[in-house]
Amino acid sequence: MKAISAGALFFLLLPCWAQTRDYPVKPVPFTAVHVNDGIWAPRIEINRKVTIPFAFQKDEETGRVDNFIRAAKALRGAPFENHKYPPYPFDDTDVYKVIEGASFAHSVSPDHKLEAYND
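What to know about a nonpolar patch on the surface
- A cluster of nonpolar side chains, contributed by Val28, Val33, Val35, Ile39, Trp40 and Ile44, occupies part of the molecular surface with about 570 Å² of accessible area.
- The topology assignment puts Ile39 in the loop between helix H1 (6-20) and helix H2 (40-61).
- Judged by its relative accessible area of 51%, Ile39 falls in the exposed class.

If you want it as structure tokens, here you go:
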């Protein structure tokens, strides 16, 4: 019979042990967490007031938002003016990430202007 190392035994038994124990930390909704310190709270506020609107502005300037408008018109069968394809096939992900950040920021600190733009 071959001997098994303690490390190998640990990794063999780990799945069994993990299934029988409850994880000691329970998740909480991110909206239940409030950052009120002097370091992160101001940065989060700058993100909501400055960075996210600037990112939306850049998405508009570069035509990334126009891609969504064009796609909506095409799906409705409506004519659209801009038939030029975007330079990168992943341009939509930039808009999605800004929408995600704006949604998070609005959920943590309601901002009706941000919500209206997102809609």
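The structure having been displayed, the exposition proceeds.
Digging into the packing of aromatic side chains
- In the structure shown here, the tally under the stated rule is 3 aromatic pairs.
- Ring centres of Phe56 and Tyr117 lie 4.4 Å apart, and the angle between their planes is 50°; on these two criteria the pair is classed as tilted. Of the two residues, Phe56 is situated in helix H2 and Tyr117 in helix H5 (residues 112-118); the sequence distance between them amounts to 61 residues.
- For Phe56, a relative accessible area of 6% puts it in the buried group.
- Under the relative-accessibility criterion, Tyr117 is labelled partly exposed at 34%.

Some thoughts on the packing of H2 against helix H4 (residues 91-108)
- The interhelical angle for the contact between H2 and H4, taken along N-to-C directions, is 155°, at an axis separation of 10 Å. In terms of axis orientation, H2 runs roughly antiparallel to H4. Considering only the axes of H2 and H4, their crossing is left-handed. Where H2 approaches H4, its residues Arg48, Ile52, Ala55, Phe56 and Asp59 are matched on the opposing element by Asp94, Val95, Val98, Ile99, Gly101, Ala102 and Ala105.
- A breakdown of the residues in the contact of H2 with H4 according to their chemical character gives 8 nonpolar, 1 polar and 3 charged.

Basis of the calculations
Residues numbered from 1 in each chain as written. Predicted model: local features only at pLDDT ≥ 70, side-chain atom pairs only at ≥ 80, totals over all residues. Heavy atoms only, no water. Patch = residues over 30% accessible without salt bridge, like charges linked within 9 Å, V, L, I, M, F, W, Y side chains within 5 Å. Areas by Shrake-Rupley, 256 points an atom, 1.4 Å probe, with all protein chains shown as cover. Salt bridge = Lys/Arg side-chain N within 4 Å of Asp/Glu carboxyl O. Helix = DSSP H or I, 4+ residues; strand = E, 2+ residues; numbered from the N terminus. Buried < 20%, exposed > 50% of the residue type's maximum accessible area, 1.4 Å probe, protein only. Phe/Tyr/Trp six-rings, centres within 6.5 Å; stacked < 30°, edge-to-face > 60°. Axes fitted to C-alpha atoms, helices over the stretch in contact; angles between N-to-C directions. Parallel < 35°, antiparallel > 145°, perpendicular 65-115°, else oblique. Left-handed = near helix turned anticlockwise from the far one by under 90°. Contact = heavy atoms within 4.5 Å. Nonpolar A, V, L, I, M, F, W, Y, C, P; charged D, E, K, R; others polar.

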